[in-house]
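# Architecture and fold: a report
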Amino acid sequence: MTVSHQLLRTGKFSQDDIAIVDPAEWHHYQPGWTLVGGGLKNKEDLRQPLTKLVDPKLKFYNEQVGAFAPEENLITLSNGDKVNYEQLVVAPGINVDTSTIKGLPEALADPKSLVSTIFKYDTCDKASRNIKDFKKGNAIFTHPAGAIKCAGAPQKIMWLASDHWQRTGSYNYKDPSSSSINISFATGLPVMFGVPKYSATLEALRKERGIEGLFQHDLVEINGDTAIFARPDGGDKVTKRFDLLHAVPKMGPYPFVKNSALADQAGYVDVDQATLQHKKFANVWSAGDASSLPTSKTAAAVTAQAPVLVSNMLRSMNGQEVETGYDGYTSCPLLTEYGKVLLAEFKYGGVPKETFGKLFDQATPKRAFYYLKKDFFPWVYQNHMVKGRWGGPKGFIR
Ligand code: UQ1
């Protein structure tokens with residue numbers, strides 16, 4: 001959405017020169033689903049009909065892509081129609097596949113179960129109800145091994161839940177063993193977060209709140225009230241009994257991307273990490289979660305990727321050399337409690353690149369960042385980013 005509208009806004013394209021192919025009925029502001037899980041937003045307020053957002057100057061195919069044929073410069077839609085192109089941008093996102101965890105689809109669908117996930121529209125509000133209703137027992141929050149979008153979200157919902165239970169008296173940070181609730185964070189990773197600077201703060205917070213850290217624990221199965229974890233470091237499977245479970249499914253490229261000539265070994269669109277141009281097909285580009293860009297998959301990353309992609313596509317169409325404009329910028333506004341956010345911002349290599357770093361230590365959770373996350377980002381995304389008018393840390397773009 002942001003790339004197509006940025007292209008349109010250059011004024012270099014006429015009616016129907018640019019087409020969007022997207023099967024969705026709704027365009028969701030997914031970063032807001034954490035806020036829904038925390039009881040701070042209604043999920044209906046975070047989506048808009050896609051037809052309403054697509055500029056009338058764009059041709060809109062409300063269809064799924066069937067297959068890519070980059071040698072012939074065409075795509076086939078799932079209805080069989082063929083669409084030719086001169087330039088192609090591949091940005092369908094990443095597949096959040098609940099069936100990657102055995103028993104998860106059934107547990108999510110059961111309205112009485114205390115199993116939920118904020119990674120799906122259908123269950124992000126169930127997460128909020130489960131957290132509110134929960135008064136005693138074992139609460140487990142999981143984070144899978146492997147690439148996911150918004151790598152902070154699996155713990156954001158835990159920080160909010162622990163804060164809620166602390167405020168309502170079911171949990172006591174100072175003396176967790178006397179609390180009626182036990183909290184565990186079971187992550188497929190060896191650390192709390194991939195960037196050492198922020199991981200240190202989050203690890204200290206975990207200990208301060210008396211939350212058990214189960215590292216290298218990758219949820220693979222739910223069986224009744226038992227969660228079964230594989231050990232990426234090679235150990236035997238571990239089983240844990242739970243009363244409340246917040247599960248995060250594994251994610252991966254959609255099959256129509258993975259099984260195409262555009263994919264790299266891992267199944268993502270194989271683009272240069274600085275120019276966003278495809279490594280083999282010079283008229284193919286990618287941004288966002290479907291791309292091979294080795295950075296954390298977030299909407300904030302797209303704010304920095306889109307202008308580079310747009311500029312390089314125009315340069316390429318004019319016969320100019322493409323420029324190495326993207327440095328891996330991404331961000332994760334990590335809710336650590338009601339009223340505070342740690343604003344992680346970094347580039348390739350996990351090197352911090354902080355917008356407000358001169359003013360604040362961004363590893364310290366702040367109230368101002370909470371309002372950015374809760375009010376400003378949802379507003380600016382839904383009103384400006386989808387229209388190609390928001391450049392993230394660079395502010396509004398013309
Ligand atoms: C951002 O632009 C954005 O998009 C609307 C987010 O939403 C998901 C973000 O989380 C962040 C961090 C940005 C970056 C913008 C600034 C001002 C740091």
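Coordinates for the structure precede this section.
Residues numbered from 1 in each chain as written. Predicted model: local features only at pLDDT ≥ 70, side-chain atom pairs only at ≥ 80, totals over all residues. Heavy atoms only, no water.

### Overview of the overall build of the chain
The helix and strand tally for the chain stands at ten helices and 22 strands. When its C-alpha atoms are laid out on the principal axes, the chain stretches across 70 × 50 × 40 Å. Scored against the burial criterion, the 398 residues of the chain give a buried share of 52%. Considering only contacts within the chain whose residues lie at least 6 apart along the sequence, 62% involve residues at least 24 apart. Accessible surface, the chain as shown: approximately 17400 Å² in total, 49% of it carbon and sulfur. Distance between charge centroids for the chain: 5 Å, based on 47 positive and 41 negative side chains. (Helix = DSSP H or I, 4+ residues; strand = E, 2+ residues; numbered from the N terminus. Buried < 20%, exposed > 50% of the residue type's maximum accessible area, 1.4 Å probe, protein only. Contact = heavy atoms within 4.5 Å. Areas by Shrake-Rupley, 256 points an atom, 1.4 Å probe, with all protein chains shown as cover. Lys, Arg positive; Asp, Glu negative; His and termini not counted. Charge placed at Lys NZ, Arg CZ, Asp CG, Glu CD.)

### Remarks on the site of the ligand
Taken together, 15 residues are adjacent to the ligand, and Ser331, Pro333, Phe377, Trp390 and Gly392 come closest. Relative to its free-state accessible area of 440 Å², the ligand is covered by the protein chains to the extent of 95%. At the level of secondary structure, the elements contributing two or more residues to the shell around the ligand comprise helix 9 (299-317), strand 20 (330-337) and helix 10 (367-383). Among the elements that line the shell around the ligand, the one with the most residues is helix 9, at three residues. (Near = heavy atom within 4 Å.)

### Quick notes on the packing of aromatic side chains
By the definition in use, this model includes 18 aromatic pairs. Ring centres 5.2 Å apart and planes at 80 degrees place the aromatic pair tyrosine 370 and tyrosine 371 in the edge-to-face group. On the basis of relative accessible area, tyrosine 370 is assigned to the buried category, the value being 5%. The exposure class assigned to tyrosine 371 is partly exposed, which follows from its relative accessible area of 38%. A network of ring pairs unites the aromatic residues Phe376, Phe377, Trp379, Trp390 and Phe396 as a single cluster. A cation over a ring is seen here: lysine 43 above tyrosine 121, with NZ or CZ 4.3 Å from the ring centre. The lysine or arginine in question, arginine 47, covers the ring of tryptophan 26, its NZ or CZ lying 3.5 Å from the ring centre. (Phe/Tyr/Trp six-rings, centres within 6.5 Å; stacked < 30°, edge-to-face > 60°. Lys NZ or Arg CZ within 6 Å of the ring centre and 35° of its normal.)

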